[in-house]
Amino acid sequence: MIPLLRELFAANQIIILSIYGQVFFVLALAIALQSWRHSRLAMARNLQWLAAFGLTHALYEWGDVFIPIQAQYLPIPLIDFLRSLQSIMLAVSFACLFQFGVEALRPLPGRQRLLRVAPLAVLLLWIGWAFGPALAAARDVRGWNMDMMILARYTIGLPGALFAAYGLWHQAHQIATDMQMPHIRRALRVAALALVGYGMMAGLVVRPAPFFPANVLNTAWVEDRLLIPVPLVRGLFGLVLTVAIIRSLE
């Protein structure tokens, strides 16, 4: 039964990745459409960052679908260039999620206002390291690209998702204090919990690599125990997040 299940998921990997990207694209589209309407939520003013995350992350995920197809026709240097753009797209998407979390905590008192530049600072540090020392020391472009994606998940994705979750929980607390809208409060808390789960699966569970903790906690280890692909789990958390955000804005 287990080998059959794994074979089924492997045969439908492209479909899983396509749906995964579609979930975050729908998140971005729903926020964009909802922004045309008036909302009493202070959070709604910062949702453009969450929409930007959804759009850029969808494009990153769809890269895993379309780049292998193009690899059959395009020269290797061009494919390496597309993979590099995909890495940048991943880092930018996580930076947008990070920025959303920070903005959701406003107003920030005193020196804590400097936190607003933290996502951009971390993104610039990632770019500087990736296209500086890491690229110079890389033995091949493919290995460098995978390592930089892992680094983006650890340094931007995980803190970004946790900050976004904390920001949504903070907004839920504000609503509980200022407004009698329990359904919005519940929806935001569900979204926050979904972001925690997504942050764990997207920021900690990475592709296997010969360094810690990627050599211990990785997609292979998790899939051996859950028996389902990690992108599917991430997509489920993304679906819960999307539905909860839409519910909170209705």
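The shown structure was predicted, so the numbers you read here are calculated from the model rather than taken from an experiment.

Draft legend 1. Up close: a nonpolar patch on the surface. A contiguous nonpolar surface patch, about 430 Å² in accessible area, is contributed by Leu 120, Leu 124, Ile 127, Phe 131 and Leu 135. Position of Phe 131 among the secondary structure elements: in helix H5 (residues 118-137).

Draft legend 2. Quick peek at the packing of helix H4 (residues 76-104) against H5. Where H4 meets H5, the closest approach of the two axes is 9 Å, and the angle between their N-to-C directions is 160°. Judged by the inter-axis angle, H4 sits roughly antiparallel to H5. Note on packing geometry: the crossing formed by H4 with H5 is right-handed. Along its contact with H4, which presents Ser 87, Ile 88, Ala 91, Val 92, Ala 95, Phe 98, Gln 99 and Val 102, the element H5 presents Pro 119, Val 122, Leu 123, Trp 126 and Phe 131. Grouping the amino acids of the contact of H4 with H5 by side-chain chemistry returns 11 nonpolar, two polar and no charged.

Draft legend 3. Structural context of the nonpolar core. Among the nonpolar cores identified, the biggest contains 47 residues, and Leu 50, Phe 53, Leu 168, Leu 241 and Ile 245 are the most heavily contacted of them. Where this core is concerned, the elements lending two or more residues are helix H2 (13-34), helix H3 (47-70), H4, H5, helix H6 (141-178), helix H7 (182-204) and helix H9 (230-249). Sort the elements by how many residues they give to this core and H6 lands first, with 11 residues. With near-sequence residues (within four places) excluded, Phe 53 lies in contact with Phe 24, Ser 93, Phe 94, Cys 96, Leu 97 and Tyr 198.

Draft legend 4. Layout of the environment of Gly 101. Within the secondary structure layout, Gly 101 lies in helix H4. Not counting residues within four places of it along the chain, the set of residues in contact with Gly 101 comprises Phe 163, Ala 164 and Gly 167.

Draft legend 5. H2, seen in detail. Compared with an ideal rise of 1.5 Å per residue, which puts 22 residues at 32 Å, H2 spans 32 Å between its outermost C-alpha atoms and is within 8% of the ideal. The complete set of buried residues in H2 reads Ile 16, Leu 17, Tyr 20, Gly 21, Val 23, Phe 24, Leu 27, Ala 28, Ala 30, Ile 31 and Gln 34.

Draft legend 6. Up close: unusual backbone geometry. For the bond running from Phe 212 to Pro 213, omega is 0°, close enough to zero to count as cis. Its identity is not glycine, yet Leu 227 carries a phi of approximately 70°, on the positive side. Counting through the fold element by element, Leu 227 comes out in the loop between helix H8 (219-226) and H9. On the accessibility criterion, Leu 227 (24% relative accessible area) is partly exposed.

What counts and what doesn't
Residues numbered from 1 in each chain as written. Predicted model: local features only at pLDDT ≥ 70, side-chain atom pairs only at ≥ 80, totals over all residues. Heavy atoms only, no water. Patch = residues over 30% accessible without salt bridge, like charges linked within 9 Å, V, L, I, M, F, W, Y side chains within 5 Å. Areas by Shrake-Rupley, 256 points an atom, 1.4 Å probe, with all protein chains shown as cover. Salt bridge = Lys/Arg side-chain N within 4 Å of Asp/Glu carboxyl O. Helix = DSSP H or I, 4+ residues; strand = E, 2+ residues; numbered from the N terminus. Axes fitted to C-alpha atoms, helices over the stretch in contact; angles between N-to-C directions. Parallel < 35°, antiparallel > 145°, perpendicular 65-115°, else oblique. Left-handed = near helix turned anticlockwise from the far one by under 90°. Contact = heavy atoms within 4.5 Å. Nonpolar A, V, L, I, M, F, W, Y, C, P; charged D, E, K, R; others polar. Core = buried A, V, L, I, M, F, W, Y, C linked by side-chain atoms within 4.5 Å. Buried < 20%, exposed > 50% of the residue type's maximum accessible area, 1.4 Å probe, protein only. Expected span 1.5 Å × (residues − 1).

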